[in-house]
Amino acid sequence: MEQMGIEDQEITYGKDIKSLTLSQLQEEMVTLGEQKFRAKQMYEWMHKKLARNYEDMSNISASLKEKCRQNYTYTSLHMLKVQESGIDGTKKYLFELADGNVVESVWMKYKHGNSVCISSQVGCRMGCRFCASTLDGLERNLLPSEMLDQIYAITLETGERVSNVVVMGTGEPMDNYDNLLQFITLLTDENGLHISQRNLTVSTCGIVPKMRELADQKLQITLALSLHATTDEKRKKLMPIANRYSLEELMEVCAYYFEQTGRRLTFEYSLVRGVNDTKEDAEELAALIKNLNCHVNLIPVNPIKERDFVQSEKHAVEAFRSRLEQQGITATVRREMGRDIDGACGQLRRKHIETAVPPSDVLS
Ligand code: SAH
């Protein structure tokens, strides 16, 4: 994957004001010849009061605003579309970034609070066979602020507090690791939205060295691993990353994550009819993970038109779940939220790209 040249695309957030921690911002203020306390005021405007631009910041002087305009970029999203499910109130948002790229996010209402699923990259280069987000490859990484902005924009639009965040939208968070960590620092900071680490889940297709690095951070976030198969051979057919890291290595690093953090792992397993949903698959899965402190999230695969994967039948899903439970493994079937609004990862963005008029056509 290195040969794809992601290094060339790396975006630094040095001049992206909303991606800076409070202490980084304090240093910046001092460099600008401002008093240190200005940093906290600015920071609260950005991360607590969710200001969309400098104009919103009423107690900040015009001269400081001007200095900031000259020295930093200020990211904000333009909401292109909101689709609300008639079934369960789930909302799907399509946002435009400053460079014209689009990302999608999902808002879900649960009894225990509101949850937002965010994207971590524009597109994805992991190539999972069933996933719509990866069909056009990776465009670029999202900045920490651009991950936060999805949550901020949704908070403003709904007028409700977000209590849980899942990094499970488009993109592979471990492929944007540094920005992800900075995002986590900002999101959980008491001077910002102050979302508890325990209410944050990061989902990965299984980039082992990064999972190990994350474990060493000893955060209290939940790590979810997209497993989807119980043998290397089967996994390789669904997920190219399996050519890189074996299930054995994955299980080892999962055990390490628990050792370091004490956090129970989540395994995601998308059920595809006739591919990975038999009783034998369930038994193999149970055998694979039985020594780990974990929970299994079963996802009936969400069919995308570009691929011919078919969802497992309801009774097969239930049989799979109860097989796991018989083996002492807790498993839940993910409720299909927003089925009527292009709920599957990457579908809304893709639809937008496919139907959008290319800029060259607009000009001519
Ligand atoms: N790249 C990360 C997070 C994004 S995908 C990862 O791989 O975990 C979030 C979850 O949705 C993953 O488990 C992914 O495998 C799954 N997924 C993607 N497309 C899907 C589809 N069409 N049906 C069911 N699950 C899907």
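Residues numbered from 1 in each chain as written. Predicted model: local features only at pLDDT ≥ 70, side-chain atom pairs only at ≥ 80, totals over all residues. Heavy atoms only, no water.

### Quick word on the nonpolar core
Note the cut-off: We call a set of buried Ala, Val, Leu, Ile, Met, Phe, Trp, Tyr and Cys residues a nonpolar core when their side-chain atoms join them within 4.5 Å. To sort residues, take the accessible area from a 1.4 Å probe on protein chains only and compare it with the maximum for the residue type: under 20% means buried, over 50% means exposed, and anything in between is partly exposed. For this analysis, residues touch if any pair of their heavy atoms sits within 4.5 Å.
Ranked by internal contacts, the top residues of the largest apolar core, which has 99 residues, are Met42, Ile151, Phe183, Phe267, Ile289 and Val296. Leaving out residues up to four positions away in the same chain, Ile289 has contacts with Leu227, Met251, Phe267, Cys294, Val296 and Ile329.

### Some remarks on the environment of Ala224
Defined as follows: A run of H or I in DSSP counts as a helix once it spans at least four residues, and a run of E counts as a strand once it spans at least two, with each numbered from the N terminus.
Mapping Ala224 onto the fold places it in strand E9 (residues 222-226). Beyond its immediate sequence surroundings of up to four residues, Ala224 is in contact with Met168, Thr201, Val202, Ser203, Thr204, Thr266 and Glu268.

### Points about the confidence of the model for the chain
What counts here: By definition, pLDDT measures how confident the predictor is in each residue, and it falls between 0 and 100.
Chain-level statistics for the chain give a pLDDT mean of 91 and a share of 91% at 70 or above. In this model residues 1-11 is a low-confidence stretch, pLDDT under 50, and it forms 18 contacts with partners more than four residues away in sequence or in other chains. Here residues 357-364 is a poorly scored stretch, pLDDT under 50, and it has one contact once near neighbours within four places are set aside; other chains count.

### Quick notes on the pairing of strand E2 (residues 91-96)
As a reminder, the rule being used: Two strands qualify as a pair provided that DSSP identifies no fewer than 2 bridges between them.
Within E2, five of the six residues are buried, leaving the element largely enclosed by the surrounding structure. Note that strand E1 (residues 78-84) and E2 share six bridges and pair antiparallel. Directly across from Val82, in E2, lies its bridge partner Tyr93. In this sheet, strand E3 (residues 102-110) lies alongside E2 in antiparallel orientation, the contact comprising six bridges. Residue pairing in the sheet places Lys92 in a bridge with Val106 of E3.

### Focus: unusual backbone geometry
Non-glycine residue Lys218 carries a positive phi angle of around 50 degrees. Residue placement: Lys218 occurs in the loop between helix H7 (208-217) and E9. The exposure class of Lys218 is partly exposed, given its relative accessible area of 47%. Despite not being glycine, His228 shows a phi value in the positive range, around 65 degrees. Relative to the elements of secondary structure, His228 occurs in the loop between E9 and helix H8 (232-238).

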